[in-house]
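Take a look at the letters that make up each chain.
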Amino acid sequence: MPRGYDRPLYIQPFDHRGSFQTKMFGFHPPLTDAQTAEIADAKQVIYEGFLEAIAGGVLPEKAGILVDEQFGTAILRNAAAAGFTTAAPAEKSGQDEFDFEYGEDFARHIEAFNPTFCKVLVRYNPEGDHAMNREQTARLKRLSDYLAARGQSRFMFELLVPPENSQLDKLGGDKKRYDLELRPRLMVGAIQELQAAGVEPDLLKIEGLERREDCQAIVAVARAGGRDRVGCIILGRGENDEKVTDWLQTAAGVPGFVGFAVGRTDFWDPLIDWRAGRTTRGEASAEIARRYHAFVDIFEKARAGKAQTSVAA
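Residues numbered from 1 in each chain as written. Predicted model: local features only at pLDDT ≥ 70, side-chain atom pairs only at ≥ 80, totals over all residues. Heavy atoms only, no water.

Can you walk me through empty space enclosed by the protein in this structure?
Sizing a probe to match a water molecule and rolling it over the atoms shows the empty space that remains. The tally for this structure, following the rule as stated, stands at two cavities of 30 Å³ or more. Looking at the largest cavity, its volume works out to about 170 Å³. Only helix H3 (69-81), strand S3 (85-89) and helix H4 (106-111) provide two or more residues apiece to the lining of the largest cavity. If you tally residues by element for the lining of the largest cavity, the top one is H4, at three residues. Here the residues of the lining of the largest cavity are counted per class, giving 10 nonpolar, two polar and four charged. If you add up the space inside the second largest cavity, you get close to 90 Å³. Taken together, Phe 157, Leu 159, Ile 191, Leu 194, Gln 195, Val 199, Glu 200, Pro 201, Leu 204, Ala 222, Arg 227 and Val 230 make up the full set of residues lining the second largest cavity. Of all elements in the fold, only strand S5 (154-160) and helix H7 (175-196) reach the threshold of two or more residues within the lining of the second largest cavity. The leading source of residues in the lining of the second largest cavity is H7, at three residues. For the lining of the second largest cavity, a count of residues per class yields nine nonpolar, one polar and two charged. (1 Å grid on protein atoms, 1.4 Å probe; cavity = no way out; pocket = protein on both sides within 12 Å on 5 of 7 lines; lining within 4 Å. Points joined across faces, edges and corners; volume = space filled by probe spheres on them. Helix = DSSP H or I, 4+ residues; strand = E, 2+ residues; numbered from the N terminus. Nonpolar A, V, L, I, M, F, W, Y, C, P; charged D, E, K, R; others polar.)

What exactly am I supposed to notice about the layout of surface pockets here?
Counted as a void, the largest pocket has a volume near 1,100 Å³. Around the largest pocket, the lining is made up of 46 residues, and of these Leu 121, Arg 123, Glu 158, Leu 160 and Arg 264 lie nearest the centre. Taken together, the elements giving at least two residues each to the lining of the largest pocket come down to helix H1 (18-24), strand S4 (117-123), helix H5 (130-150), S5, H7 and helix H10 (264-275). Among the elements that line the lining of the largest pocket, the one with the most residues is H7, at four residues. Residue composition of the lining of the largest pocket, grouped by class: 14 nonpolar, 13 polar and 19 charged.

How should H3 be read in this particular structure?
Given 3.6 residues to a turn, an α-helix orients residues that are three or four positions apart in the same direction. With 13 residues, H3 ought to run about 18 Å at 1.5 Å a step, yet its terminal C-alpha atoms sit only 16 Å apart, falling short of that. Ile 75 marks the point of greatest bend in H3, at about 35°. Those residues of H3 that fall on the buried side of the exposure criterion are Phe 71, Gly 72, Ile 75, Leu 76 and Ala 79. For H3, the capping residue at the N-terminal end is Asp 68, with a side-chain oxygen 3.4 Å from the backbone nitrogen of Gln 70. Where H3 terminates, the next one or two residues include Gly 83, which has phi positive at roughly 90°. (Expected span 1.5 Å × (residues − 1). Bend = angle between axes of the 7 residues up to and from the residue. Buried < 20%, exposed > 50% of the residue type's maximum accessible area, 1.4 Å probe, protein only. Polar contact = N/O pair within 3.5 Å; in protein donor to acceptor, adjacent residues only side chain to side chain.)

I tried to follow the sheet that holds strand S6 (residues 203-206) on my own but got confused; where do I start?
A barrel is described by the order of its strands in space; here eight strands give the closed sequence S1-S2-S3-S4-S5-S6-S7-S8, paired in parallel fashion. The sheet shows a mean angle of 25° between the axes of neighbouring strands, direction not considered. In the sheet, strand S1 (residues 9-13) pairs with strand S2 (residues 63-66) via four bridges, with the strands oriented parallel. Of the residues in S2, the one forming a bridge with Ile 11 is Gly 64. Contacts between H3 and the sheet are confined to S2 and S3, with S3 contributing the most and set at about 155° to the helix. (Pairing = 2+ DSSP bridges. Axes fitted to C-alpha atoms, helices over the stretch in contact; angles between N-to-C directions. Contact = heavy atoms within 4.5 Å.)

What follows is the structure, given as structure tokens:
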């Protein structure tokens, strides 16, 4: 396949593993079969919401899911059979350094599902731990080369650039200043270093950016050197509706940003309410559908230059 993905793509991500186990359920590995089934059922509620959004008007060719094999095997198979865009993670959950969830057996697990995208989440600060950056880059190049040669799944790369203490110190410990003043430049540097090492994503999953010019700089580096079809999508970071809306509207007007992957902002509160007995399963899936559909509308209207739509009910 030619490198890149430049079509509209609105992903409902729910590949969370560690945070689901501990923060939502209070479980700690190793899980029992009953605990695994309980988490898998919660993810099924999210998928039911996704399907409701499709039934409610989100175009299926623009919609996708990102879910893990551990709790979402049935969902991955159902979504693929229905013709939806699918993505599955390759990384171990909750680690600072990228490594394969299934070690040397990573290829077999990818090929068991052949998702549209193989996704990795990577924490990479170019001014951070250089030894760790080299080690995880070597693993990422191995995956990138495998995906390019295998030709079944594209490469989705979620780039997080956490601040170093020394960087925050220079900004008075202000993380908002870091996000605005320093992170955009570091993201560009991280992408350049990874490209130079032979790591070649088709789609970059990017932390939200406040300024249009920063979105433009990310697209420029992502598409440098003949990578003209590489796309970018904005992730939600679990932020509130207002902040996610701002990020989507900023990115939507920049050619090269083709969509988003907003997860916890859509599903976390509806699932908490359902598990606490405050709502029914159907009400939870309907609220997830409504929120996902609202973000689709926000992105598409911003891209078309139309007025803002609110996520609020």
